[in-house]
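# Results of the structural survey
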Amino acid sequence: MNWTKQHPAWAMFAAMIGLLVFLWGLAIPLSLAPAPIGPAAQQFAEGARVTVLLTLISGTVGVVLGVLAGLGKLSSFRLIRWVCDFYVWLIRGTPLLLQILFVWLAVPQFLPDSMQLSDFSCAAIALALNIGAYNTECVRAGILAVPQGQVEAARALGLSPFQCFMDIVLPQSMRVALPALANNLASLVKDSSLAYAISVVELTMVGYRVQAESYQPIPVFVTVAVIYLILTTAFTTLTAALETQLDVGRKR
Amino acid sequence: MTPDNPKPIIVARNVSKHFGAFRALNDVSATFNEGQVTAIIGPSGSGKSTFLRTLNRLEAHDSGSIQVDGIELNDNLKNLDAIRREVGMVFQSFNLFSHLPILRNVSLAPIRVRKMKREEAEAKSMALLERVGLKDQAHKYPVQLSGGQQQRVAIARALAMDPKVLLFDEPTSALDPEMVNEVLTVMRELAHTGITMLVVTHEMGFAREVADRLIFFDQGSILEDSAPQTFFTNPEHERAKAFLAQVRHGF
């Protein structure tokens, strides 16, 4: 991790380019592998793309949800606090698989027939809601860690509460919250595999299908595991570099 | 330094403030004129910092009224924003924005609040940093500076908003002794520019030399309000005499 500390901008750049090249070109090396991997190379590559897309979309929405609910938990309005508490309590207290199934099977009953969600959207919504609840506590802890004097200085200079939050509190809270948020993101990469239960063809589902056709679980699941490891490594490099960027000006 | 026709800029009438059962401010009334440099002294817990913090509503007063530059200080956010634009504050613990470089610390408020263009705000901030002797530190982060340097940046940051009034809340109390003077030098220069200053301080030498007026707080009230010379040579109240006897070794 030392390299990412010394060159955070390069590390972020390299991780992002690496991730893109990996997703784009994954099928080429895989297609050279012997059966059962080679013939299914395109499926693996497509599965990895779906996994990354699920992670990125629900991860981004999850951070926004986490910031909103984290702020809401610190609100001076009891109703807002209550709603946010309820959200976190509900999500943390029920299994992710149940949440995914609920969004997929139960939510369509509330929606008009003209407005039905794709399987992928259902998975993305459930995952975003789930990670958002876990992010809430990280963000809340981060906000509480910002010294009161920073807020007083910003307010005394005439910054509005919103400007004060965006310019001072949020960036400083992220320094504290980011390690925990990165942890949640790494979990999300893997938790996205639960979307297989609602027939989203992501990486784990591809592996399951390929081994079901070939009866060779060992090479198939090893390949899937290696792809997951490469993806989580890229994501953690990205977040570690981001952490170093945000860490500027802090006592060490 | 007081002009011939003094124009009041801060008018506090019967201001009271409680923290639970503790009476931090007890019916405090005072008027501060434009260009006046006032030193506010007193034992700790006497309400002097609380009084200063009510003047830009970092603490809300429970009763009484405060007017700054003719604007009533109350829950009306428009009034509050208008007042905070005119009143700068320098804190005991500097409170520089730790995640921003020095230059950004100074230029942030002019850009956000005064809607100044970035280049313009940065040029102005550089000029202010030069004035406090820190031009070459502009691209460092607060943690890389000494306490005295940080406090000088904090003064530049407050000045960047062109305030009419500057509030100093024990600006040298958190500094190592050898850094006190560099901050006092900047403040001394400021005092001669005609800006209105209210300085809560334990620096008796500074109060005596630079201030036009001296206010002594005790138990939430203003006990003495006089010229510094009068106060230091001939205090009226026993409590002020006792306080001076305690701090006299300081000058």
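Everything here concerns the structure above.
Residues numbered from 1 in each chain as written. Chains lettered and ligands numbered in written order. Predicted model: local features only at pLDDT ≥ 70, side-chain atom pairs only at ≥ 80, totals over all residues. Heavy atoms only, no water.

We now examine the overall build of chain B. A count of helical and extended segments in chain B gives nine helices and ten strands. Taking 2.2 N^0.38 as the reference for a compact globule, 251 residues should give roughly 18 Å; the C-alpha atoms of chain B span a radius of gyration of 18 Å, in line with that estimate. In terms of principal-axis extent, the alpha carbons of chain B reach across some 55 × 45 × 40 Å. Counting every position in chain B, which comprises 251 residues, the buried fraction comes to 56%. (Helix = DSSP H or I, 4+ residues; strand = E, 2+ residues; numbered from the N terminus. Rg over C-alpha atoms; globule rule 2.2 N^0.38 Å. Buried < 20%, exposed > 50% of the residue type's maximum accessible area, 1.4 Å probe, protein only.)

Let us look at empty space enclosed by the protein. Taken as a whole, this structure holds one cavity of 30 Å³ or more when the rule is applied. By volume, the largest cavity amounts to about 30 Å³. Lining the largest cavity we find Ala153, Ala156 and Leu157 of chain A together with Met89, Phe91, Arg157 and Ala158 of chain B. Residue assignment for the lining of the largest cavity shows that the elements contributing at least two residues are helix H8 (148-156) of chain A together with helix H5 (147-159) of chain B. (1 Å grid on protein atoms, 1.4 Å probe; cavity = no way out; pocket = protein on both sides within 12 Å on 5 of 7 lines; lining within 4 Å. Points joined across faces, edges and corners; volume = space filled by probe spheres on them.)

All names here are of chain B. When you tally the buried positions in strand E7 (residues 165-169), you get five out of five residues, the bulk of the element. Inspection of the sheet shows strand E6 (residues 87-90) paired to E7 by four bridges, in the parallel sense. Residue pairing for E7: Val87 is matched across the bridge by Val165. Bridge count between E7 and strand E8 (residues 196-200): five bridges; the pairing is parallel. Note that in E8 the partner of Leu167 across the bridge is Leu198. Running through helix H6 (residues 177-191), the crossover from E7 to the neighbouring parallel element E8 is right-handed. (Pairing = 2+ DSSP bridges. Right-handed = clockwise from strand over helix to strand, strands pointing away.)

Let us look at the nonpolar core. By size, the foremost hydrophobic cluster in this structure holds 52 residues, and its most contacted members are Ile10, Ile40, Phe51, Phe97, Leu167 and Leu198 of chain B. Considering every element that reaches this core, the biggest residue donor is helix H9 (residues 161-191) of chain A, with nine residues. For Leu167 of chain B, the residues in contact, after removing those within four places along its chain, are Leu52, Leu55, Asn56, Val87, Gly88, Met89, Val90 and Leu198 of chain B. In this structure, Val132, Ala154, Leu166 and Phe216 of chain B belong to the second largest nonpolar core, which totals 48 residues. (Core = buried A, V, L, I, M, F, W, Y, C linked by side-chain atoms within 4.5 Å. Contact = heavy atoms within 4.5 Å.)

So, on to the interface of chain B and chain A. Listed by partner, the interface residues are 24 residues for chain B and 20 residues for chain A. Summing both sides of the interface, chain B and chain A together bury roughly 2000 Å²; the carbon and sulfur share of this comes to 59%. Per-residue buried area on chain B facing chain A is highest for Arg84, Phe97 and His99 of chain B; these three make up 28% of the total on that side. Summed over the shared surface of chain B and chain A, the result is two salt bridges. In this structure, the connection of chain B to chain A is made through eight residue pairs in polar contact (both at pLDDT 80 or more). Elements with a minimum of two residues in the side of chain B that touches chain A: helix H2 (77-86), E6, helix H3 (102-112) and H5 of chain B. Ranked by the residues each element gives to the side of chain B that touches chain A, the list is headed by H3 of chain B, at three residues. Here the residues of the side of chain B that touches chain A are counted per class, giving 15 nonpolar, four polar and five charged. (Buried area = accessible area lost by both parts, 1.4 Å probe. Salt bridge = Lys/Arg side-chain N within 4 Å of Asp/Glu carboxyl O. Polar contact = N/O pair within 3.5 Å; in protein donor to acceptor, adjacent residues only side chain to side chain. Nonpolar A, V, L, I, M, F, W, Y, C, P; charged D, E, K, R; others polar.)

Residue and element names in this part refer to chain B. Packing of helix H4 (residues 118-131) against H5 leaves a shortest axis separation of 9 Å and a crossing angle of 140°. Of the possible angle classes, the one that applies to H4 and H5 is oblique. As for the relative orientation of H4 and H5, their crossing is right-handed in sense. Judged by residue contacts, Leu128, Leu129 and Arg131 of H4 engage Val153, Ala156 and Leu159 from H5. (Axes fitted to C-alpha atoms, helices over the stretch in contact; angles between N-to-C directions. Parallel < 35°, antiparallel > 145°, perpendicular 65-115°, else oblique. Left-handed = near helix turned anticlockwise from the far one by under 90°.)

Okay, the pattern of salt bridges next. Any two side chains of opposite charge can pair, so long as their charged atoms come close to each other. Across all of its chains, the model carries 19 salt bridges over all chains by this definition. When salt bridges that share partners are traced, they join Lys73, Asp85, Glu137 and Arg140 of chain A into one network.

Quick look at the sheet that holds strand E2 (residues 22-33) of chain B now. The strands making up a sheet associate through hydrogen bonds between their backbones, and the pairing can be parallel or antiparallel. All names here are of chain B. Pairing within the open sheet is antiparallel, and its four strands lie in the order E2-E1-E4-E5. Each edge of the sheet is formed by a strand with only one pairing partner; in this case those strands are E2 and strand E5 (71-72). Strand direction decides the pairing type here: strand E1 (residues 8-19) and E2, joined by eight bridges, are antiparallel. Bridging from a neighbouring strand, Ile10 pairs with Phe32 of E2.

Time to look at the environment of Arg239 of chain B. Residues and elements named next belong to chain B. Along the polypeptide, Arg239 turns up in helix H9 (residues 238-247). Each C-alpha atom of the pair Arg239 and Pro43 lies 9.7 Å from the other, and the pair is 196 residues apart in sequence. Setting aside residues no more than four positions away along its own chain, Arg239 makes contact with Phe216, Asp218, Gln219 and Leu223.

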